[in-house]
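Topology and contacts: notes
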Amino acid sequence: MMNKWLAAAILAVSFLVMAPMAHGQEKGAVREGFSAETLSGKKILLFRPSVWVGEQSTGGLAEPNADWTAQAREFLNAELARRQIEFSNELIIEPDLVGEDAKLFSEHRALFNSVASSVVNYQFFAGNRLPTRKNKAFDWTLGEGTKAIAERTGAQYGLFVRTEDQYGSFGRKMFQVLAIGLVGAGVSSGKHVGYAGLVDLHTGNLVWLNADEQMGGDVRTEEGMQKRVGQLLEDFPGFKPVATAAK
Amino acid sequence: MAIHRRSVIFVAVVLAAWSPSASAGWKLISAKETAQVDGLKVTPERDWNQGGRPGKQGRVWTQDGVGLNAIEFFSAIPAGGSLYKERDKKNNPMPKFDSGLLLPELADFFERSFRAANQLSDFTIVESAPTDIGGNKGLLVRYRYTMPNDELTRLGEARLAVVDGKLFVANYYAPQLHYFGAGLPEAQAMMQRVRF
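Here goes a summary of the coordinates provided. Please read these numbers as outputs of a predicted model, since none were measured by experiment. (Residues numbered from 1 in each chain as written. Chains lettered and ligands numbered in written order. Predicted model: local features only at pLDDT ≥ 70, side-chain atom pairs only at ≥ 80, totals over all residues. Heavy atoms only, no water.)

**Section: the overall build of chain A**
- Summing up its helical and strand segments, chain A has eight helices and eight strands in all.
- Counting only residues that meet the buried cut, chain A has 52% of its 247 residues in that class.
- When the accessible surface of chain A is split by element, carbon and sulfur atoms take 54% of a total near 11200 Å². (Helix = DSSP H or I, 4+ residues; strand = E, 2+ residues; numbered from the N terminus. Buried < 20%, exposed > 50% of the residue type's maximum accessible area, 1.4 Å probe, protein only. Areas by Shrake-Rupley, 256 points an atom, 1.4 Å probe, with all protein chains shown as cover.)

If you want it as structure tokens, here you go:
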């Protein structure tokens, strides 16, 4: 009888244990023909970062935490402001807008998140790569709707930043221990996703992406956020050469 | 022993409820070749990727990932069958198809099914009108929605027909920005040319 239950558990685990591996890849990519020289003298618009922080329940569901999110947003904005000096380009901040203008920016931020997620899940992750993306160039776009943003701001490029952090709850951590102890399954606790991407606002094309679905740095602390931003902007092509050398 | 067994069951149940987002097994659907998708014959203009089953009698195709564009084909759903897999049977059960539904009533069936499958609270039917699908009388449903915790407006266009008491559906959806319009002409052509 016991063997039956154990077999059922092992079957469930063997089917599902591969899932965390799908999110364990750090990868970056640059669009063909784009380089740091292409950026020279061009204004970069820093879109308002998308920040989400919460807890992961025992069953793996995400539960938002408004205080953590507000604090992480504050730390992220401060860290990005502090690092502006390292950019070789003029960096402008997303303007405060209302109505349809605000929607134009917020929807493009959301579209960037969807595009970056697709890049990670359907091109970067070899185990789930789409056949039409196999051995193909890095060719992703937000579409020409970004032109309207270039016209409103005077920026040719847009820098998007997204972080999503789910910290494992006590129940999730206990579950993790139980899963390892009872059936030897490697269940993940917590989720720490970060994307940073540069888009040519004249074409909508994604020209640089740094995406990691297992990022480091506790975004609820200032030091942790410094580490996170460091990872997000690793290999960013718009840094001054001296800053790159100092890293 | 009993405690140990309960722990094992607990682990198995929670793991089983934990749905993995990585679903490998994509298959290339070549351009200009007729593909047999269950009970339907579909001829795409470009290469597509065929993925898993959103429902027992359904298949999904995508170009750039299902978050950016997707077309689903459902074949011969019998009376009592559902369009999509159950997501939350207790709180949001998947509607069952009734072969006695009139054409206009299919819009409501589709809306309830799509809402339940995607756990949507924001979904609006923009237009519902008679149409042709694979030479059969059908219903065209154009709709708009947003996913939970996402500001991106998404649009969709579905065609539904009942043939010999069974339901056939083709459903295209994508973000409103760029992707929906970019893929719509081919999606419409595939839906119109589909053969049963």
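Back to the write-up after that little detour.
**Looking at the environment of Val194(B)**
Residue and element names in this part refer to chain B.
- Inspection of the secondary structure puts valine 194 in the segment after helix H3 (176–193).
- A relative accessible area of 2% places valine 194 in the buried class.
- For the pair valine 194 and alanine 170, spaced 24 residues apart in sequence, the C-alpha separation works out to 8.9 Å.
- Excluding residues within four positions of it along the chain, valine 194 makes contact with Leu40, Lys41, Val42, Ile133 and Gly134. (Contact = heavy atoms within 4.5 Å.)

**Focus: the sheet that holds strand E6 (residues 70–77) of chain B**
All names here are of chain B.
- Taken in spatial order, the eight strands line up as E1-E4-E5-E6-E10-E9-E8-E7 in an open sheet, and their pairing is antiparallel. Both outer strands of the open sheet, strand E1 (27–29) and strand E7 (122–133), are each paired with one neighbouring strand and no more. Averaged over all adjacent pairs, the angle separating strand axes in this sheet is 20 degrees, with direction ignored.
- Where strand E8 (residues 136–146) lies against strand E9 (residues 153–163), eight bridges are found, and the strand directions are antiparallel. Paired with leucine 139 across the two strands is leucine 160, which belongs to E9. (Pairing = 2+ DSSP bridges. Axes fitted to C-alpha atoms, helices over the stretch in contact; angles between N-to-C directions.)

**Some words on helix H7 (residues 222–232) of chain A**
All names here are of chain A.
- Turning to H7, its buried residues are Gly224, Met225, Arg228, Val229 and Leu232. Looking straight down H7, one finds that the buried residues subtend no more than 135 degrees of arc, so they occupy a single side.
- Considering only its buried residues, H7 is in contact with helix H3 (66–82), strand E6 (157–168), strand E7 (191–200) and strand E8 (206–212). (Arc of directions from axis to C-beta.)

**Digging into the packing of aromatic side chains**
- Under the definition given, this model contains 26 aromatic pairs over all chains.
- Between Phe114(B) and Tyr173(B) the ring centres are 5.7 Å apart and the planes differ by 70 degrees, which places this aromatic pair in the edge-to-face class. You can see Phe114(B) sitting in helix H2 (residues 105–118) and its partner Tyr173(B) sitting in strand E10 (residues 166–175), a full 59 residues away along the chain.
- On the basis of relative accessible area, Phe114(B) is assigned to the buried category, the value being 1%.
- Tyr173(B) sits in the buried class, given a relative accessible area of 11%.
- By way of ring pairs, the aromatic residues Phe74(B), Tyr84(B), Phe110(B), Phe114(B), Phe123(B), Tyr143(B), Tyr145(B) and Tyr173(B) are connected into one cluster.
- If you follow Arg220(A) out to its NZ or CZ, it ends over the ring of Tyr167(A), 3.6 Å from the centre. (Phe/Tyr/Trp six-rings, centres within 6.5 Å; stacked < 30°, edge-to-face > 60°. Lys NZ or Arg CZ within 6 Å of the ring centre and 35° of its normal.)

**Let's talk about the pairing of E7(A)**
Residue and element names in this part refer to chain A.
- Among the 10 residues that make up E7, nine are buried, leaving the element largely enclosed by the rest of the structure.
- Taken together, the six bridges between E7 and E8 define a ladder with antiparallel strand orientation. What sits directly across from glycine 197, in E8, is leucine 209.
- Hairpin connection, E7 to E8: the antiparallel pair is bridged by five residues, and glycine 204 has positive phi, about 85 degrees.

**Details of the pattern of salt bridges**
- One pass over the full model with this rule turns up 25 salt bridges over all chains.
- Between Asp218(A) and Arg220(A) there is a salt bridge; the shortest N-O distance is 3.0 Å.
- Judged by relative accessible area, which is 27%, Asp218(A) ranks as partly exposed.
- Residue Glu157(B) pairs with Arg159(B) through a salt bridge whose shortest N-O separation is 2.8 Å. This pair shows no difference in class: Glu157(B) is buried, exactly as Arg159(B) is.
- Taken together, the salt bridges that share partners define one network made up of Arg48(A), Glu94(A), Asp96(A) and Arg109(A). (Salt bridge = Lys/Arg side-chain N within 4 Å of Asp/Glu carboxyl O.)

**Focus on H2(B)**
Residue and element names in this part refer to chain B.
- Relative to the 20 Å expected for 14 residues at 1.5 Å per residue, H2 spans 20 Å between its end C-alpha atoms, a close match to the ideal helical length.
- Among all positions of H2, only Leu106, Ala107, Phe109, Phe110, Glu111, Ser113, Phe114, Ala116 and Ala117 are buried.
- Summarising the contacts, the buried residues of H2 are in contact with E7, E8, E9 and E10. (Expected span 1.5 Å × (residues − 1).)

**With respect to unusual backbone geometry**
- Even without being glycine, Asn135(A) reaches a positive phi, approximately 55 degrees.
- Tracing the sequence through the fold places Asn135(A) in the loop between helix H4 (99–124) and helix H5 (147–153).
- Judged by its relative accessible area of 83%, Asn135(A) falls in the exposed class.
- Located in the positive-phi region is Ala76(B), a residue other than glycine, with phi close to 50 degrees.
- When you line up the elements, Ala76(B) lands in strand E6.

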